[in-house]
Number of protein chains: 2
Amino acid sequence: MKRSALVKNIKQKKSFLCIGLDSDIEKIPTHLLKEEDPVFAFNKAIIDATHDLAVAYKPNLAFYESRGIAGWHSLKKTMDYLRQFQESVFSIADAKRGDIGNTSKQYARSFFEGGDAGLDFDSVTVAPYMGIDSVSPFLAFENKWVILLALTSNEGAFDFQFIKNEESGLYLFEEVLRKSSTWGSKDNMMYVVGATKAEMLGTIRKHIPDHFLLVPGVGAQGGSLQAVADYGMNDDCGLLVNSSRGIIFASKEKDFAEKARENALEVQEQMAAMLTEKGII
Amino acid sequence: MKRSALVKNIKQKKSFLCIGLDSDIEKIPTHLLKEEDPVFAFNKAIIDATHDLAVAYKPNLAFYESRGIAGWHSLKKTMDYLRQFQESVFSIADAKRGDIGNTSKQYARSFFEGGDAGLDFDSVTVAPYMGIDSVSPFLAFENKWVILLALTSNEGAFDFQFIKNEESGLYLFEEVLRKSSTWGSKDNMMYVVGATKAEMLGTIRKHIPDHFLLVPGVGAQGGSLQAVADYGMNDDCGLLVNSSRGIIFASKEKDFAEKARENALEVQEQMAAMLTEKGII
């Protein structure tokens, strides 16, 4: 998907909501377990109930891989189903990959190519530790995106991401932003910035005023949507805010899709107000 | 596998060779393409021809994932086949995973659990950027190992791994060693250290004298085995040196397994001399 299409979808849907498909088979409603593919049945119902409210979906690869081959079938079917919404929905493989060049090229093929084997995602999350040649093979695919980890929402973010560079006086996550933003552009790179550190968004916007940010951690992880919008929004919105458990596991009963829609609608209405306030819609 | 068993295997086989199963379907001998599962047939032949010379095998996940569900079948079959050698062969999922705690826990299940879904590897490579809670879920599995990225062999290693911490004066990769070595022990953690930077092994050994190192980059990536042994070997050997393309793609003809054995034998003989020189065997 092109950046212009993503921005158009945000304006039309009055939403910058990304729904995380962390579809843990142990947490989905038990009545689905009689389905041939319970996880796909769950994802399909969630997508059907929310695709007018969300601009993006983000399957978390770990929840599929942990089920082995069966999990890859559920993921492949989910992506095949999402294809009908490819003009209106941006897809994110939350996979945190990254390896030497020839290996990252293979990962890029896994996530970006279509056909029998490929998953045809719009984007993939990538870890920055190994540097430029672990990232650039993903950028070679047209209209596909790298979403690079910058400042994550977890406790362990403080272990290394706040190490201050003796030479520049910048934190490691700022070095990641500064250096990697020259590898691609605002048209094929985004950054992961955790909502639990929303006050850092001002610093982040100094380095990358125009890039989109993927913001996890609103809801279950404790971040505030208002703070994210206050500090992080730019003229194109520039935000995709993810919610996983708060939406997909809103109910464990037969009404799970309806309840997911209710919760997604609540978030979307807050987002519409923020977009209006900022003059974007 | 326990550390004591790994050390015993190194002494018995007089080898610290890890063979990388970067089994690219586009590079394996073409006569195998008529097999039901060409990549598994290739891996099986390589394992059969070399398992007395190698102490570890390292499938590179990207080359399996890029083939989608068919690739996961090849990987699963390879791991099921390797199980007969579980006492004598250490297995490494070269996957470079790492995510927030509940997600890393799922990845750990994918790689460490057995049964229908799990792959039952002895170890998995993990990226350190997200810190402690991205690593510790892997350490909760008994007799399983984290192999954490420290100093990688690629060009991009210079982008962030050599950032010097203003407070400590240490490089980022040294901070990774120093901090993460308290999360586990020499009995469940190893580190990836690229052979192209063998001169840095002295520095690395100051931080982690006792841990095993997984060393890629000998051969195709230009590193020297002698330099790795000189700077990196400790009293338990403490090294697993990986070779992928130099062994598995030694020939593209019907003699590929025989040629792989010849090349593995050459490396093993060099390793035996180094182990003898060091007084380990």
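Residues numbered from 1 in each chain as written. Chains lettered and ligands numbered in written order. Predicted model: local features only at pLDDT ≥ 70, side-chain atom pairs only at ≥ 80, totals over all residues. Heavy atoms only, no water.

**Some points on the overall build of chain A**
Working step 1: Regarding its fold elements, chain A presents 12 helices and eight strands.
Working step 2: Against the compact-globule benchmark of 19 Å for 281 residues, chain A has a radius of gyration of 18 Å, which places it among compact chains.
Working step 3: The principal-axis extent of the C-alpha atoms belonging to chain A is close to 60 × 45 × 35 Å.
Working step 4: Going through the 281 residues of chain A one by one, you find that 63% of them count as buried. (Helix = DSSP H or I, 4+ residues; strand = E, 2+ residues; numbered from the N terminus. Rg over C-alpha atoms; globule rule 2.2 N^0.38 Å. Buried < 20%, exposed > 50% of the residue type's maximum accessible area, 1.4 Å probe, protein only.)

**Details of helix α8 (residues 172-180) of chain A**
Working step 1: With seven of its nine residues buried, α8 of chain A lies for the most part within the structure.
Working step 2: Restricting attention to buried positions, one finds in α8 of chain A the residues Leu-172, Phe-173, Glu-174, Glu-175, Val-176, Leu-177 and Ser-180 of chain A.
Working step 3: Summarising the contacts, the buried residues of α8 of chain A are in contact with β5 (145-151), α7 (157-160), β6 (189-193) and α9 (201-207) of chain A together with α7 (157-160) and α8 (172-180) of chain B. (Contact = heavy atoms within 4.5 Å.)

**Quick word on the pairing of strand β7 (residues 212-215) of chain A**
Residues and elements named next belong to chain A.
Working step 1: Neither face of β7 is left uncovered, since the one carrying Phe-212 and Leu-214 and the one carrying Leu-213 and Val-215 both have all their residues buried.
Working step 2: Bridge count between β6 and β7: three bridges; the pairing is parallel. For Val-192, the partnering residue across the bridge sits in β7 and is Leu-214.
Working step 3: One crossover worth recording links β6 to the parallel β7 by way of α9, and it is right-handed.
Working step 4: Where β7 lies against strand β8 (residues 239-243), three bridges are found, and the strand directions are parallel. Bridging across to β8, Leu-213 finds its partner in Leu-239. (Pairing = 2+ DSSP bridges. Right-handed = clockwise from strand over helix to strand, strands pointing away.)

**A few points about unusual backbone geometry**
Residues and elements named next belong to chain A.
Working step 1: Not every positive phi belongs to a glycine, and Asn-143 is a case in point at roughly 60 degrees.
Working step 2: One can find Asn-143 in the loop between α6 (132-139) and β5.
Working step 3: A relative accessible area of 34% means that Asn-143 is categorised as partly exposed.
Working step 4: For Cys-237, which is not a glycine, the phi torsion comes out positive at approximately 80 degrees.

**As for the confidence of the model for chain A**
Working step 1: Mean pLDDT over chain A stands at 96; residues scoring 70 or higher make up 99%.
Working step 2: Both scores are given for the predicted complex: the pTM is 0.97, the ipTM 0.96. (pLDDT = per-residue confidence, 0-100.)

**Comments concerning the pairing of strand β3 (residues 90-97) of chain A**
The side chains of a regular strand alternate between the sheet's two faces.
Residue and element names in this part refer to chain A.
Working step 1: Here β3 lies mainly inside the structure; eight of its eight residues are buried.
Working step 2: Neither face of β3 is left uncovered, since the one carrying Phe-90, Ile-92, Asp-94 and Lys-96 and the one carrying Ser-91, Ala-93, Ala-95 and Arg-97 both have all their residues buried.
Working step 3: Across two bridges, the pairing between strand β2 (residues 56-59) and β3 is parallel. Considered in β3, the bridge of Tyr-57 is made with Ser-91.
Working step 4: Two strands pair when backbone bridges link them, and β3 and strand β4 (residues 123-126) are joined in this way by three bridges, in the parallel orientation. Across the sheet, Arg-97 pairs through a bridge with Val-126, a residue of β4.
Working step 5: After leaving β3, the chain enters helix α5 (residues 101-112) and then returns to the sheet as β4, a path that is right-handed.

**Some details on the packing of aromatic side chains**
Residues and elements named next belong to chain A.
Working step 1: Using the criterion set out here, one finds 27 aromatic pairs over all chains in the structure.
Working step 2: Here Phe-42 and Phe-256 contribute two aromatic rings whose centre-to-centre distance is 5.3 Å and whose plane-to-plane angle is 15 degrees, an arrangement assigned as stacked. On the criterion of sequence distance, the pair formed by Phe-42 in helix α2 (residues 38-50) and Phe-256 in helix α12 (residues 256-277) is long-range, its members being 214 residues apart.
Working step 3: Since its relative accessible area comes to 4%, Phe-256 is described here as buried.
Working step 4: Grouped by ring-pair contacts, the aromatic residues Phe-158, Phe-162, Tyr-171 and Phe-173 constitute a single cluster. (Phe/Tyr/Trp six-rings, centres within 6.5 Å; stacked < 30°, edge-to-face > 60°.)

**Things to note about the side chain of Asn-154 of chain B**
Working step 1: Tracing the sequence through the fold places Asn-154 of chain B in the loop between β5 (145-151) and α7.
Working step 2: A polar contact is formed between the side chain of Asn-154 of chain B and the side chain of Thr-152 of chain B, at a distance of 2.6 Å.
Working step 3: Once you skip the residues sitting within four places of it in the chain, Asn-154 of chain B turns out to touch Ile-100, Met-130 and Asp-133 of chain A together with Lys-197 of chain B. (Polar contact = N/O pair within 3.5 Å; in protein donor to acceptor, adjacent residues only side chain to side chain.)

**Describing the pattern of salt bridges**
All names here are of chain B.
Working step 1: Under the counting rule described, the total for this entry stands at 36 salt bridges over all chains.
Working step 2: Among the salt bridges present, the one from Asp-120 reaches Lys-144, with a minimum N-O distance of 2.9 Å. Of this pair, Asp-120 sits in the loop between α5 (101-112) and β4 (123-126) while Lys-144 sits in the loop between α6 (132-139) and β5, and the two are 24 residues apart along the sequence.
Working step 3: You can call Asp-120 partly exposed: its relative accessible area is 23%. (Salt bridge = Lys/Arg side-chain N within 4 Å of Asp/Glu carboxyl O.)

**Digging into the state of the cysteines**
All names here are of chain A.
Working step 1: Applying the stated criterion to the full structure yields zero disulfides over all chains.
Working step 2: Its sulfur unpaired, Cys-237 is 12 Å from the next cysteine sulfur, which belongs to Cys-18.
Working step 3: Residue class for Cys-237 comes out buried when judged on its relative accessible area of 0%. (Disulfide = S-S within 2.5 Å.)

**Thoughts on the packing of helix α10 (residues 225-232) of chain A against α12 of chain A**
Geometrically, a packed helix pair is captured by the angle between its two axes and the distance between the axes.
Residues and elements named next belong to chain A.
Working step 1: Two elements in contact, α10 and α12, have axes separated by 11 Å at closest approach and are oriented at 25 degrees. With respect to α12, the axis of α10 lies roughly parallel. Here α10 runs over α12; the crossing is right-handed. Seen from α10, the contacting residues are Leu-225, Gln-226 and Ala-229; seen from α12, they are Val-267, Gln-270, Met-271, Met-274 and Glu-277. (Axes fitted to C-alpha atoms, helices over the stretch in contact; angles between N-to-C directions. Parallel < 35°, antiparallel > 145°, perpendicular 65-115°, else oblique. Left-handed = near helix turned anticlockwise from the far one by under 90°.)

**Looking at the interface of chain B and chain A**
How big an interface is tends to be stated in terms of accessible area lost as the parts join.
Working step 1: At the junction of the two partners, chain B supplies 60 residues and chain A supplies 60 residues.
Working step 2: Contact between chain B and chain A buries roughly 5400 Å² in total, counting both sides, with carbon and sulfur atoms accounting for 58%.
Working step 3: Looking only at chain B, the three residues that lose the most surface to chain A are Ile-69, Tyr-129 and Phe-160 of chain B, adding up to 16% of its buried area.
Working step 4: The tally of links between chain B and chain A comes to eight salt bridges.
Working step 5: We note a salt bridge from Arg-97 of chain A to Glu-65 of chain B, for which the minimum N-O separation is 3.0 Å.
Working step 6: Counting every contact that joins chain B to chain A gives 24 residue pairs in polar contact (both at pLDDT 80 or more).
Working step 7: Looking at the side of chain B that touches chain A, the elements with two or more residues in it are α3 (61-65), α4 (68-82), β3 (90-97), α5, α6, β5, α7 and α8 of chain B.
Working step 8: Each residue belonging to the side of chain B that touches chain A can be placed in one class, and the counts come to 24 nonpolar, 18 polar and 18 charged. (Buried area = accessible area lost by both parts, 1.4 Å probe. Nonpolar A, V, L, I, M, F, W, Y, C, P; charged D, E, K, R; others polar.)

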